[in-house]
Amino acid sequence: MADRAQEGLYSRQLYVLGDGSRRLSAAAVLVSGLRGTGAQAAAALVLAGTGRVVLHDRGQASVADRAQQFLLRESDIGQNRAEASRRALAELNPHVTVVAYTGELSEAFLTSFQQSPFTAQAHVVVLTESPLEEQIRIGNFCHAQGICFIVADAKGLAGQLFCDFGEHFIVNDPAEGEPICAAVKHISKGNPGIVTCTGMEGSRGHLFSDGDLVTFSGVEGMTELNGQEPVPVQVMDAFRLKIGDTRSFSPYRCRGLVSQVRLPQVHSYKPLSQALAEPKIQVGNPEDLSRSLSLHAAFQALHAFHEEQGRLPRPRVLADAKRVLELARSLAVQPGPLDEDVVQAFASVSAGDLCPVAAVVGAMAAQEALKAITRKFLPLDQWLYFDALECLAVEGVTQLTEEDCVPRGSRYDGQIAVFGAAFQELLGRQKYLVVGAGAIGCELLKNFAMMGLAAGPEGDLTVTDMDTVALSNLHRQLLYRSADISKPKSVVAAAAVRRMNPDVRVTAHQNQVGPATEMLYGDDFFRHLDGVASALDTLEARAYLESCCFRYLTPLLDSGTEGPRGNMLAMVPHLTKLLGPAAAPEDDTFPLCTLRYFPQTIQHTLQWARDEFEGLFQLPAEHVNRFMEDPAFPEQLPTGKAVEVLEQVQRSLQERPRDWRDCVRWARRHWQSCYHDAITQLLHTFPLEHDTHLEYIMAAAHLFAQSHKIPPCSDRASASTVLRSVVLPPFVPQEGFQIHLSEEQEEVSADDERLEELTRDLVQQRQDLIGSEEAQVPLMEPIHFEKDNDIHIDFITAASNLRAESYSIPPTNRLMSKRIIARIVPAIITTTAAVAGLACLEVYKLVWGCRDLSCYRNSNFSLSDCLLLRFQPLPASVYWYCGREWSCWDRLEMRAVSADGQEMTVQNVLDWMQKTHGWTVTMLLHGFTVLYDSGEKEGIRALMKKQRLSATVENAGKPQQWVLKLEYVCEEEDAETEATRPPLMCFLH
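A brief structural summary. Remember, it's a predicted structure, so these values are computed and weren't measured experimentally.

**Some details on the overall build of the protein chain**
Part 1 of the argument: Each helix and strand in the protein chain was counted, giving 32 helices and 31 strands.
Part 2 of the argument: Taking all 989 residues of the protein chain together, the buried fraction comes to 55%.
Part 3 of the argument: Accessible surface for the protein chain amounts to roughly 42,000 Å². Of this, 50% is attributable to carbon and sulfur atoms.

This is how it looks when you write it as structure tokens:
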């Protein structure tokens, strides 16, 4: 994955898996069983870029498979599942070899798989849908041969995951993210030495923990620390660390970086045959161990039942569930009692196939396979059990009978086995909004298609996203292919949903859900929705969507991921607490003097390079084009700013290149100015005690040419020839030169004479250019920074690293530069698939109309250490107002239209509040608009009272609203203790 194209495709995943990603292309994984779980695991491995994925299945695709197997189309029914899946998976990633195998999993085949040339670095076997006897046989072979072995199984509402990576498995990097770094500020001489440091963002403290191993680099003065073997640290506080004896070292002068060192770890695993009887089960909470042990026995009992009966237990057949329980009692290995309710509940729906459960289990299995290949993160040790059996406690589900759950010959039979046929009709009638069609949105839509959400005559599924498909989306956004690049995401995603399930009534929008689109997503839209699924990536958009769902009492499922971590929150009207504002990201701005003259970290030099990009290739072109269009526009600016802008226009016109060679010469001169002359001047002004880079020249020349509409050239030899001819005068530092250390000092003083002179000269130049046949309109092309544009990142990286070199700051590579400057959130397909599966489990409860808080679950998980926590949401918060208790969901509802259809006035509202609640309103507001204020003069109060309620909306030019949310203040409230009030909702129709 080292080349530029691969980096562009997998960049977000590279930030998750690190250097281990480079092992993927030389690895092979065998996935046996291509129903729901296997399909999810295989798709994730293909999207991640695994070199060779071998699909194994000896069965034929059936209609019922399409409840969870999203790779199959209707025309694939009756064909071998592996062959049919291979065709679909091959389209996902052309860089991956996908092979189908339909024979027996014999030792001869597994040996040939192990000896494949593709498996020079790693080979993994993943079994799904396999009988226990086959699992044990293949598990023993893999353990003996050093093949990493995974079992992943989903049955009904429960899943099972097992890993055996051999007796000597080395984890190269067990933790998430990049190793911790901090900027050194001082190091004392002593025993121990005290290191004072700050986080890489500048003012924040370090993130080290006691016992962390660290190395030092770039330290001036106490150079003995540079390149030393890793030493342990002891944390004193947020800014200080203790290290070893520094008494014999030279005195510290300045600079330096302290970096965490992660040492490889060795782990040992038991084979499946032994781990069945001596299970090591990973749980999020110690109290979950008993439940997991019961499921451990239940899965073994299910295998025994299948071997005995030749089938799985029939849905809701008590005799079959009791037989599984009897078998579990004989197999139970836990020290405590068997949870018989869990075993029977599991058995009663074990014949079911649910896409959300398969998504969770398959995604986790794929992540474990990636751990085996990349040696990144700690593998599962060794068992994990997952269940959503709380779904069976939902009112309606508890009353289902065998007849309700018998197969209908439908694609949804696997779902009907759990929730019944009538529920399937309910699913088909749902009206849902999916906001965002990125990675999570794609997985949600895929699951909805499999579930049959909105697949009935009355159903409606709306997906909206403003974005278009980009190359970097393809490794984790399941519904897109390379042919879709630059197409609207929502349109492509909706078409993919129709291919998966032609019955789903899906509509694509290309809008943002926000204040600007209230005319589209307002009262009429939201009041018809049954639920909203959020897949947004900004806090502002999430907060707005939550406010809409609160306003219209619409259930909201909010999902988010960062690298291997994910979370899913359910907001259910009148039941759960409101989601509330997420913690806002800390301000990452830096002082001007730090960026311009005294950078201390690579973050500083990258931000400087980003500002340089805008100042060279965007703003000058915008100002030139605007001046050519309207030479009078500087008159709208303060004199000092107008002079600055016009000097920039003048400089741009004087520097206009004639050809590519002029662009190279300009880039060389600019290099000299930035990385030689400016540094020399700085050292002259602030004395300290203490080869032309072709990458920069090429990127800067390319961008300069593009901004002046000259075809760029990528020929380095040609550029080198031009560079050899460039002669620059020696630089002489200026005496008395002022270096501005703040934005206030930098403000240009007003100079009316200079402004007049510039305006006169530039107006003449403009006339000459307009009369020229060669001039193009607009004259220049502003270049806006794009994080996925290679040339842009090349310039930023080269500019930042050249500046870092000048200040003895350790440089960084282009991939890390891209992440920092573009604030890219690491992402991987496994995390998004898992979080979407967890969200869709809550959809089942919402469709049932569940009013029992104990049935709902929020989720937090980390696939890096295989930790999954599902917990009951907090109940709706309560508060006191005017002598009674209110829920956060409570509101006052007033029909603000009289019997004859006339809209009520503010006076009617005041009267209604007095009559209905006995409250005297002293102030009434709609947003920031005051509708009534008892403190105003009598004449003004009279005018306020006569005003129609909707007049404020009309006066503000907002779209018509049928529901107005009003706030108020009453005489009866205690101003000191009562700050929260139930909103007043006025219905205007």
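Read on, since the account is not over.
**A short note on the packing of aromatic side chains**
Part 1 of the argument: Enumeration over the complete set of coordinates arrives at 27 aromatic pairs.
Part 2 of the argument: Relative to Phe423, the ring of Phe419 has its centre 5.0 Å away and its plane inclined at 45°; by these criteria the two rings are tilted.
Part 3 of the argument: An angle of 65° between the planes, with centres 6.0 Å apart, marks the rings of Tyr432 and Phe448 as edge-to-face. Separated by 16 residues along the polypeptide, Tyr432 in strand β17 (residues 431–435) and Phe448 in helix α14 (residues 439–451) bring together distant segments of the chain. An identical accessibility class is assigned to Tyr432 and Phe448; each is buried.
Part 4 of the argument: A connected cluster of aromatic rings, assembled from ring pairs, spans Phe149, Phe162, Phe299, Phe346, Trp383 and Tyr385.

**A short note on the packing of α14 against helix α29 (residues 829–847)**
Part 1 of the argument: Where α14 contacts α29, the two axes come as close as 8 Å, and the packing angle between them is 45°. Relative to α29, α14 is oriented oblique. At the point where α14 passes α29, the crossing takes the right-handed sense. Of α29, the residues touching α14 (which contributes Ala439, Ile440, Glu443, Leu444, Asn447, Phe448 and Met451) are Ile829, Thr832, Ala833, Val835, Ala836, Gly837, Ala839, Cys840, Val843 and Tyr844.

**Comments concerning the side chain of Ser864**
Part 1 of the argument: Topologically, Ser864 is positioned in the loop between β23 (858–862) and β24 (867–871).
Part 2 of the argument: Note on Ser864: relative accessible area 4%, which makes it buried.
Part 3 of the argument: Among the polar contacts listed, one links the side chain of Ser864 to the side chain of Glu176, at a separation of 2.8 Å.
Part 4 of the argument: Beyond its immediate stretch of four places on either side in the chain, Ser864 contacts Glu176, Lys371, Phe377, Leu378 and Pro564.

**Focus: the packing of α14 against helix α15 (residues 489–500)**
Part 1 of the argument: In contact at an axis separation of 9 Å, α14 and α15 are set at 25° when each is read in the N-to-C sense. One way to sum up the angle between α14 and α15 is to call them roughly parallel. Here α14 runs over α15; the crossing is right-handed. From α14, Leu445, Lys446, Ala449 and Met450 reach across to α15, where they touch Ala493, Val497 and Met500.
Part 2 of the argument: The class makeup of the residues in the contact of α14 with α15 is 6 nonpolar, no polar and 1 charged.

**What about the sheet that holds strand β1 (residues 27–32)?**
Part 1 of the argument: A sheet is described by the order of its strands in space; here 7 strands give the open sequence β3-β2-β1-β4-β5-β6-β16, paired in mixed fashion. Edge positions in the open sheet fall to β3 (97–101) and β16 (383–387), since each of these has one partner strand only. Pairwise comparison of adjacent strand axes, ignoring direction, gives a mean angle of 15° for this sheet.
Part 2 of the argument: By the bridge criterion, 5 bridges tie strand β2 (residues 52–56) to β3 in an arrangement that is parallel. By the bridge assignment for β3, Val54 is matched with Val99.

**A look at the side chain of Gln40**
Part 1 of the argument: Relative to the elements of secondary structure, Gln40 occurs in helix α2 (residues 36–48).
Part 2 of the argument: Among residues more than four places away in sequence, those in contact with Gln40 are Phe70, Ala358, Ala359, Gly362, Ala363, Glu443, Lys446 and Ala833.

**A word on the pairing of strand β5 (residues 148–155)**
Part 1 of the argument: For β5, the buried fraction is high: 8 of the 8 residues fall into the buried class.
Part 2 of the argument: Going residue by residue along β5, you find Cys148, Ile150, Ala152 and Ala154 tucked away on one face and Phe149, Val151, Asp153 and Lys155 tucked away on the opposite face as well.
Part 3 of the argument: In this structure, strand β4 (residues 122–127) lies alongside β5, joined through 4 bridges in parallel fashion. Looking at β5, one finds that Val125 is bridged to Phe149.
Part 4 of the argument: Each parallel crossover has a hand, and for β4 linked through helix α5 (residues 132–145) to β5 it is right-handed.
Part 5 of the argument: Relative to strand β6 (residues 158–164), β5 runs antiparallel, the two being bridged by 7 bridges. Opposite Lys155, over in β6, you have Ala158 as the bridge partner.
Part 6 of the argument: Between β5 and β6, which pair antiparallel one after the other, the connecting turn spans 2 residues, and Gly156 there sits at a positive phi close to 60°.

**Details of the state of the cysteines**
A covalent bond between the sulfur atoms of two cysteines is what we call a disulfide.
Part 1 of the argument: Following the criterion strictly, the structure yields 0 disulfides and no others.
Part 2 of the argument: Take Cys148: it sits in no disulfide, and the sulfur closest to it among the cysteines is that of Cys163, at 8.8 Å.
Part 3 of the argument: Cys148 gets classed as buried once you look at its relative accessible area, which sits at 7%.
Part 4 of the argument: A disulfide-free cysteine, Cys548 has its sulfur positioned 6.8 Å from the sulfur of Cys549, the nearest such atom.
Part 5 of the argument: Here Cys548 falls in the buried class, since its relative accessible area comes to 5%.

**Some details on the sheet that holds strand β8 (residues 181–187)**
Sheet strands line up and pair through hydrogen bonds in the backbone, either parallel or antiparallel.
Part 1 of the argument: If you walk across this open sheet you meet the 7 strands as β11-β10-β14-β8-β9-β13-β12, and the pairing is antiparallel. With partners counted over all chains shown, the strands left at the sheet margins are β11 (231–232) and β12 (234–237), one partner each.
Part 2 of the argument: Relative to strand β13 (residues 240–242), β12 runs antiparallel, the two being bridged by 3 bridges. Looking at β13, one finds that Val235 is bridged to Leu241.

**Considerations on helix α13 (residues 421–428)**
Part 1 of the argument: Those residues of α13 that sit buried are Ala421, Phe423, Gln424, Leu427 and Gly428. One face of α13 carries all of its buried residues, which in axial projection span an arc of 150°. The exposed set on the far side of α13, more than 90 degrees from its buried face, consists of Ala422 and Glu425.
Part 2 of the argument: Against α11 (402–405), α12 (413–419), α14 and α29 lie the buried residues of α13.

**Examining the nonpolar core**
Part 1 of the argument: In terms of nonpolar packing, the biggest core is built from 182 residues, with Val125, Leu157, Phe419 and Leu461 touching the most fellow members.
Part 2 of the argument: For this core, the element with the highest residue contribution is α29, accounting for 13 residues.
Part 3 of the argument: Apart from residues lying up to four places away in sequence, Leu461 is in contact with Tyr432, Val434, Leu445, Phe448, Leu453, Ala454, Val504, Arg505, Val506 and Thr507.
Part 4 of the argument: Counting residues in hydrophobic clusters, the runner-up holds 40 residues, among them Ala609, Cys674, Ala705 and Ile793.

**Focus: helix α24 (residues 716–724)**
Part 1 of the argument: Among all positions of α24, only Ala719, Val722 and Leu723 are buried. Along the axis of α24, the buried positions cluster into a sector of 100°, meaning they face one direction only. The exposed set on the far side of α24, more than 90 degrees from its buried face, consists of Ala717 and Arg724.
Part 2 of the argument: Between a side-chain oxygen at the N-terminus of α24 and the backbone nitrogen of Ala717 the separation is 3.0 Å; the capping residue is Asp715.

The rules behind each value
- Residues numbered from 1 in each chain as written.
- Predicted model: local features only at pLDDT ≥ 70, side-chain atom pairs only at ≥ 80, totals over all residues.
- Heavy atoms only, no water.
- Helix = DSSP H or I, 4+ residues; strand = E, 2+ residues; numbered from the N terminus.
- Buried < 20%, exposed > 50% of the residue type's maximum accessible area, 1.4 Å probe, protein only.
- Areas by Shrake-Rupley, 256 points an atom, 1.4 Å probe, with all protein chains shown as cover.
- Phe/Tyr/Trp six-rings, centres within 6.5 Å; stacked < 30°, edge-to-face > 60°.
- Axes fitted to C-alpha atoms, helices over the stretch in contact; angles between N-to-C directions.
- Parallel < 35°, antiparallel > 145°, perpendicular 65-115°, else oblique.
- Left-handed = near helix turned anticlockwise from the far one by under 90°.
- Contact = heavy atoms within 4.5 Å.
- Polar contact = N/O pair within 3.5 Å; in protein donor to acceptor, adjacent residues only side chain to side chain.
- Nonpolar A, V, L, I, M, F, W, Y, C, P; charged D, E, K, R; others polar.
- Pairing = 2+ DSSP bridges.
- Right-handed = clockwise from strand over helix to strand, strands pointing away.
- Disulfide = S-S within 2.5 Å.
- Arc of directions from axis to C-beta.
- Core = buried A, V, L, I, M, F, W, Y, C linked by side-chain atoms within 4.5 Å.

Bear in mind that shape data such as this cannot, by itself, settle questions of function.
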